[in-house]
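Each chain is listed here by its residues.
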Amino acid sequence: MLNVRIFKKMYCFDLDVNFSLNKEVLVIQGHSGSGKTTILDCISGIKTPEEGEISVGNEAIFSSKKNINMKIKDRNIGYVFQNYALFPHMTIEKNILFGLECKNLKDTNYIEHIMKVFNIDHLKRRYPKQISGGEKQRVALARALSIKPDVLLLDEPFSALDVQTKSIVYEEFLQLKKLYSIDIILVTHNPEEARLLGDKIIHIDYGRIKECKNTPTLEASVSI
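Since this is a predicted model, take the numbers as computed values, not measurements.

Peer 1: Quick one: what's the story with the nonpolar core, residue by residue and with numbers?
Peer 2: What tends to happen in soluble globular proteins is that the nonpolar side chains get buried as a cluster. If you look at the biggest cluster of nonpolar residues, it comprises 41 residues, and the most contacted ones within it are I96, I114, F118, L152 and Y180. Secondary-structure elements contributing two or more residues to this core are β3 (25-30), α2 (92-102), α3 (108-117), α4 (133-145), β8 (151-155), α5 (163-179), β9 (183-187) and α6 (191-197). In terms of residues, this core owes the most to one element, α4, which gives six residues. When near neighbours in sequence (up to four residues on either side) are disregarded, I114 contacts I96, A142, L145, S146 and Y180.

Structure below.
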């Protein structure tokens, strides 16, 4: 379970949010600059709130009262950025291995497994510039999941994909929800994407949650 209660001063407004997840997909929507990515950055440790608490399970990874601010590398959190942030000088295999190396882990058998799950094992010797947008998206997800995270953060991961590729990766994502029972936060501007992929949807407006609703459960029709 992920519990988030944070307050952070921003340039034009204050971010003040409170929510919990229990092995669900939470979709965060809102206009540009409303604080969506800042929420992800605070959970991952890239940014630090002024006040509040963030806990995963029974462990606090940030607490202003208890003076806890766990380092990024010690938070078991996967993060897929909007531009995927793949290292251009590394092969696909080395990109995926990077997360494990940062944590001093060497489970190469799991890496082979996860590459097969995402159908990218045939790409392992290639470089990011040699693969398609959909393949880059799969690599970024595989890298984020390679550390077996407790929480997966996704910042507009499908925005750069064409319509045909999106329809494929949406169904892959739904299958991913079944395969990995973890808390997932997805930031997207796309209302159809939110309805299809999320269990809960919250709307952020100038750093505040203005609306929260549940979505019906949908089944995937293809495998990854």
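Structure shown, so let's carry the discussion forward.
Peer 1: So what's going on with the confidence of the model for the protein? Which residues, and what values?
Peer 2: Should the pLDDT be low somewhere, the predicted coordinates at that spot are not to be read in detail. Confidence along the protein averages 87 in pLDDT terms, with 93% of residues attaining 70 or more. Predicted confidence in the protein is weakest over α5, with a mean pLDDT of 79, and strongest over strand β6 (residues 68-69), with 98. For the stretch residues 217-224, pLDDT sits under 50, and the model shows 19 contacts to residues farther than four places along the chain or on other chains.

Peer 1: Tell me about the pattern of salt bridges, and name the residues and values.
Peer 2: Under the defined criterion, the tally for this structure stands at eight salt bridges. One salt bridge in this structure joins E192 and R195, with 2.7 Å as the shortest N-O distance. Linking E192 with R195, this pair stays in helix α6, spanning three residues, or about one helical turn. Given a relative accessible area of 41%, E192 falls into the partly exposed group.

Peer 1: An account of the packing of α4 against α5 is needed here, citing residue identities and associated values.
Peer 2: Between two packed helices, both the angle of their axes relative to each other and the distance between the axes serve to describe the pair. One way to put it is that α4 packs onto α5 with a least axis distance of 10 Å and a crossing angle of 20 degrees. By the angle between their axes, α4 is roughly parallel relative to α5. In this structure, the crossing between α4 and α5 has a hand that is right-handed. From α4, G134, Q137, R138, L141 and L145 reach across to α5, where they touch T165, I168, V169, E172 and L176.

Peer 1: How would you explain the sheet that holds strand β5 (residues 59-63) if you had to name every residue and give the values?
Peer 2: Strand order in the open sheet formed by five strands is β2-β1-β4-β5-β6, with antiparallel pairing between adjacent strands. Among the strands making up the open sheet, the edge pair consists of β2 (14-21) and β6. The pairing of strand β4 (residues 51-56) with β5 spans four bridges and is classified as antiparallel. Opposite E53, over in β5, you have S63 as the bridge partner. Relative to strand β1 (residues 2-9), helix α1 (residues 36-44) is tilted by about 115 degrees, and along the sheet it contacts β1, β2, β4 and β5.

Thresholds applied
Residues numbered from 1 in each chain as written. Predicted model: local features only at pLDDT ≥ 70, side-chain atom pairs only at ≥ 80, totals over all residues. Heavy atoms only, no water. Core = buried A, V, L, I, M, F, W, Y, C linked by side-chain atoms within 4.5 Å. Buried < 20%, exposed > 50% of the residue type's maximum accessible area, 1.4 Å probe, protein only. Helix = DSSP H or I, 4+ residues; strand = E, 2+ residues; numbered from the N terminus. Contact = heavy atoms within 4.5 Å. pLDDT = per-residue confidence, 0-100. Salt bridge = Lys/Arg side-chain N within 4 Å of Asp/Glu carboxyl O. Axes fitted to C-alpha atoms, helices over the stretch in contact; angles between N-to-C directions. Parallel < 35°, antiparallel > 145°, perpendicular 65-115°, else oblique. Left-handed = near helix turned anticlockwise from the far one by under 90°. Pairing = 2+ DSSP bridges.

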